[in-house]
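Report on the structure
Chain by chain, the residues:
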Amino acid sequence: MVVKLILKKNTYFDSVSLMALTTKVNQINDVEQAFVAMATEMNKGVLANVGLLLPEVQTANSGDLFIVVKAASEEVCEAALAKVEVLLKGDDKAATGLGASVKKHVTLKSALKHAPDANLAVISVPGEFAKREALAALNNDLHVLMFSDNVSLADEVELKTFAHEKGLLMMGPDCGTAIINHVGLCFANKVRPGSIGIVGASGTGSQEVAARIHDFGGGISQLLGTGGRDLSAEVGGIMMLDGLRALEADPATEVILIVSKPAAKSVEAKVLELVQSFSKPVVVCLLGGEEAPVVAAGAHFAKTTKEAALQAVVLAGIDEGTINKRALNLSLIEEIKAKLLPEQKYIRGLFCGGTLCEEAMMLVRESHSQVYSNIAKKPEQRLVDINRSQQHTFIDFGDDDFTNGRPHPMIDPSSRIERLLKEADDPEVGVIILDFVIGFGSHEDPVGVTLPAIIEAKQKAAARGQHLEILGYVLGTDLDTPKLSEQVDKLASAGVTISSSSQNTGLLASGFVSKGE
C-alpha cells in the first residue's frame, strides 16, 4: 500500500463539504482509505487511530487542510489526489453536493460585500471556531443556522440569548435541518410549499414530519431547527420559543407543528404556556411526552411523528377521507413471525437518524423489555459497550460517539455497513432495521451502497438455516434526488421488507419478533 499527503496551509473548507468530498474519494477503486479534513486535534486523533498520522499533519495548525490517501499503488494515490484538487478548486457542485454553482468567499465580510441583501449565515466550522463566526454573523444582523457541533452549553446559551435580544434566529449548534422560504439547508427533503410551519429540536424528526405532511398532500411554509439541546433545562428552549413566535407571526403559516425528542419538563411547560396564547392551531409531538398538559394548553397532542403530520394536514384543511394513511400491514406481521425460528427473538436497529431511532425504540419498548441503546436517557437502558449489542439494541450512528472525526452516516454509511454484517452473525437476531435518508445533503445512493452488505447478511443467516428479516425505511419524498421509488425498488429487489413511515417501522419490527407476549 502507498500513502500520499497534500497539506495546504491556511486553507479552510467547511466540514459538510469535506465530509462529502471524503466520501467521494473513498469510493474510487483501489483506494483503501482517504481523509480530506482540517488539521484539528480531533481529526489528527482519527488519523492516529488508523495509522495515518504523518509528521507533517501532526505539526499542522487547525487552519490547515490535509488530504491523505492510502491506496493500492502510487498511480491510484496520484489520481485520487488530483480529483480532490479539481473538486476543491473549481467544481463546487461536485464537491459539496449542493446541486448548483456556489461562489466562494474566504470571510463573512467578503460574502456580505458581494451579497449585501443576505440575511442568514450557515456556519459549519470546527466547534472551537463556531462561536466566533456566529457572533460575527449576529453582529451583522444575520440569522444563523449553525451546523457545527462540539460547542459548549455556555456558548450556546450566550449565542441564543444575544440573538433573542437582537430579534434574530439562532438555529443550533448541531442543527442539521431547515427549510427557509422553501430552500432546504444542510440535510433536507424537497417538499411542496404549503401552510404548515415546523419547529424541530431534532433533524430527522423534522425531516420525517415534513415528508409525511408531503405524502399526505400537505405542504410546508417554514421548517426551523433549534439544535438538539435547545429543550434541555440548561438552554431553556430559547430558540424553540423564538421559532414559535416567528411562525405565529408568519402570514404564510396557518398550522404550527412542534417535534422533538423528550424535553425537560420545565422547558416543556414554558413552551406550552406560550402555545396557549397563540391564535393558530399547534400540534405537539414530544416523543415520550404526556397528553394531558398539551391538551390543557389548547394544543393537539401527537404521540408519534406520523400522527403529528396527519393532524397537521387535517387542521390545514385537507379532507381526512382523501388521505392514504399507510395503515399498518397486520397480515405481513403474521407472515414474518412464521418465518423466524423461536431463538430469533431480538431486534437490532441500525439508524442514521437519531429521532427515527428514538421513535422506533419508544414503540418497541411498549411490547418488549430489555431494550438498549447508545442514546437511551436512563442509565440502566444504555449499552455497556456501544460496539456490542445486548438483547434488543438500537444504535444511532449519527451520535457523537460514532461521528467524532468521521462523516455523518447520512453522508458516509460505511460504519453502519460494518455493524450490519456483524449483527447478521448473531443467531438470536430476527430483525435488522435500516433507515435510509435521501435528499439534499445526504449520500447520493444510500441504498445502493448498502445493498451488497444486505445481500451478504441474508446469505449468512440462510447458511445456518435461518431467515433474517431486513426491515428498511426510506425517508424522503417523490420530489427528492435520488428518487424515492428507485431506492424502495432496490431494497424490495433484495428481499427487504419496506416500511412507509418511522412510526410503522417501530410497530412492524415489534410485531415481527413477538412470541405471544
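Just so we're clear, the structure is a prediction, and the values are computed from it rather than from any experiment. Starting afresh in each chain, residues are numbered from 1 along the sequence in its written order. Residues qualify for local features only when their pLDDT is at least 70, as the model is predicted, and side-chain atom pairs are given and counted only at 80 or more; totals for whole chains, interfaces and linings, by contrast, use all residues. Values shown for side chains rest on all heavy atoms present in the structure; no hydrogens or waters enter the calculation.

**Examining the overall build of the chain**
- By the criteria applied, helices consist of DSSP H or I runs no shorter than four residues and strands consist of E runs no shorter than two, each listed in order from the N terminus. Across its full length, the chain holds 20 helices and 19 strands.
- Relative to the compact-globule value of 24 Å for 517 residues, the chain shows a C-alpha radius of gyration of 23 Å, a close match.
- By principal-axis analysis of the C-alpha atoms, the chain measures approximately 60 × 60 × 40 Å.
- Sorting the 517 residues of the chain into buried and exposed places 54% on the buried side. Both definitions apply: the radius of gyration is a C-alpha atom measure, and the globule rule equals 2.2 Å times residues to the power 0.38. Buried, partly exposed and exposed residues are distinguished by accessible area as a fraction of the type maximum, computed with a 1.4 Å probe on protein chains only: under 20%, between the cut-offs, and over 50%, respectively.

**Comments concerning the packing of aromatic side chains**
- Here is the rule: rings of Phe, Tyr and Trp (six-membered ring for Trp) pair when centre to centre is within 6.5 Å. Planes less than 30 degrees apart are stacked, more than 60 are edge-to-face, and the remainder are tilted. For the structure shown, the criterion picks out three aromatic pairs.
- In our convention, an over-ring charge means Lys NZ or Arg CZ found within 6 Å of a ring centre and within 35 degrees of that ring's normal. Its guanidinium or amino end placed over the ring of F436, R416 lies 5.0 Å from that ring's centre, counting from NZ or CZ.

**Thoughts on the packing of helix α10 (residues 238-249) against helix α11 (residues 265-275)**
- Angular values range over 0 to 180 degrees, each being the angle between N-to-C directions of two axes fitted as lines to C-alpha atoms, with helices fitted over their stretch in contact. Their axes nearest at 10 Å, the elements α10 and α11 cross at an angle of 15 degrees. The orientation of α10 relative to α11 falls into the category roughly parallel. For α10 against α11, the interelement crossing comes out right-handed. For the pair formed by α10 and α11, the contact residues are M240, L241, L244 and R245 on the first element and K270, V271, L274 and V275 on the second. In what follows, roughly perpendicular refers to angles from 65 to 115 degrees, roughly parallel to angles under 35, roughly antiparallel to angles over 145, and oblique to any angle outside these ranges. Two helices that cross are described as forming a left-handed crossing if the nearer one is turned anticlockwise from the farther one by less than a right angle, and a right-handed crossing if clockwise. When checking whether two residues touch, look at their non-hydrogen atoms; a contact exists if any pair is within 4.5 Å.

**Details of helix α20 (residues 502-512)**
- Within α20, ten of the eleven residues are buried, which leaves it mostly tucked inside the rest of the structure.
- Buried within α20 we find S502, Q503, N504, T505, G506, L508, A509, S510, G511 and F512.

**Looking at the sheet that holds strand β3 (residues 65-71)**
- Strand pairing is assigned whenever DSSP detects at least two bridges linking the two strands. Spatial ordering of the open sheet is given by β1-β3-β2, a layout of three strands whose pairing is antiparallel. Only two strands of the sheet have a single neighbouring strand rather than two, namely β1 (2-8) and β2 (31-38). Strand-to-strand twist of the sheet, defined as the mean angle between neighbouring strand axes without regard to direction, takes the value 5 degrees.
- Relative to β3, β1 is paired through seven bridges, and the arrangement is antiparallel. Counted as the bridge partner of V3 is K70 from β3.

**A few points about the pattern of salt bridges**
- Each salt bridge in this description consists of a side-chain nitrogen of Lys or Arg and a carboxyl oxygen of Asp or Glu lying within 4 Å of one another. Here the structure, examined in full by the defined rule, presents 28 salt bridges.
- The closest approach of N and O atoms between K131 and D155, which form a salt bridge, is 3.3 Å. Placement of K131 in helix α7 (residues 127-139) and of D155 in helix α8 (residues 153-166) is noted, with a sequence separation of 24 residues between them.
- Residues E320 and K325 are paired through a salt bridge, measuring 2.7 Å at the closest nitrogen-oxygen approach.
- Residue class for K325 comes out partly exposed when judged on its relative accessible area of 34%.
- Members of the salt-bridge network, linked through shared partners, are E156, K160, R229 and D230.

**Section: the environment of G228**
- Take G228: it is sitting in the loop between β10 (220-225) and α10.
- According to the relative accessible area criterion, G228 is exposed, its value standing at 53%.
- In this structure, G228 is in contact with P173, D174 and A201, ignoring residues within four places of it in sequence.

**Comments concerning the nonpolar core**
- L244, I258, V271, F394 and V431 are the most contacted members of the largest nonpolar core, which has 64 residues in total.
- Not counting residues within four places of it along the chain, the set of residues in contact with V271 comprises L231, M240, L241, L244 and I258.
- Of all hydrophobic cores here, the second largest spans 27 residues; its members include L350, V447, L451 and I470. The set of buried Ala, Val, Leu, Ile, Met, Phe, Trp, Tyr and Cys residues whose side-chain atoms join them within 4.5 Å is what this entry labels a nonpolar core.

**A closer look at the sheet that holds strand β15 (residues 371-373)**
- Ordered in space as β15-β16-β14-β17-β18-β19, the six strands form an open sheet in which the pairing is parallel. Each edge of the sheet is formed by a strand with only one pairing partner; in this case those strands are β15 and β19 (497-499). This sheet shows a mean twist of 20 degrees between the axes of neighbouring strands, independent of strand direction.
- Pairing of β15 with strand β16 (residues 392-396) involves three bridges; the strand directions are parallel. Each bridged residue has a counterpart across the sheet, and for V371 the counterpart in β16 is H392.
- Packing against the sheet, helix α17 (residues 414-423) makes contact with β14 (346-351), β16, β17 (429-437) and β18 (469-475), and its axis sits at approximately 165 degrees to β17.
- Packed onto the sheet, helix α18 (residues 446-463) meets β17 and β18 and runs at close to 170 degrees relative to β17.

**A look at the pairing of strand β4 (residues 120-123)**
- In β4, alternate side chains face the same way, and those of A121 and I123 are buried while those of L120 and V122 on the opposite face are not.
- In this structure, β4 lies alongside strand β5 (residues 143-146), joined through four bridges in parallel fashion. Paired with A121 across the two strands is V144, which belongs to β5.

**Points about the state of the cysteines**
- Disulfides are defined in this document as cysteine sulfur pairs within 2.5 Å. Tallying each qualifying case throughout the model produces zero disulfides.
- Here C352 is not cross-linked by a disulfide; its sulfur's nearest cysteine counterpart is in C357, at 11 Å.

**Remarks on the environment of L421**
- Considering the arrangement of structural elements, one finds L421 in helix α17.
- Measuring from C-alpha to C-alpha, the distance between L421 and V106 comes to 43 Å, with 315 residues separating the pair along the chain.
- If near-sequence neighbours (up to four positions away) are discounted, L421 is found in contact with A453, E456, A457 and K460.

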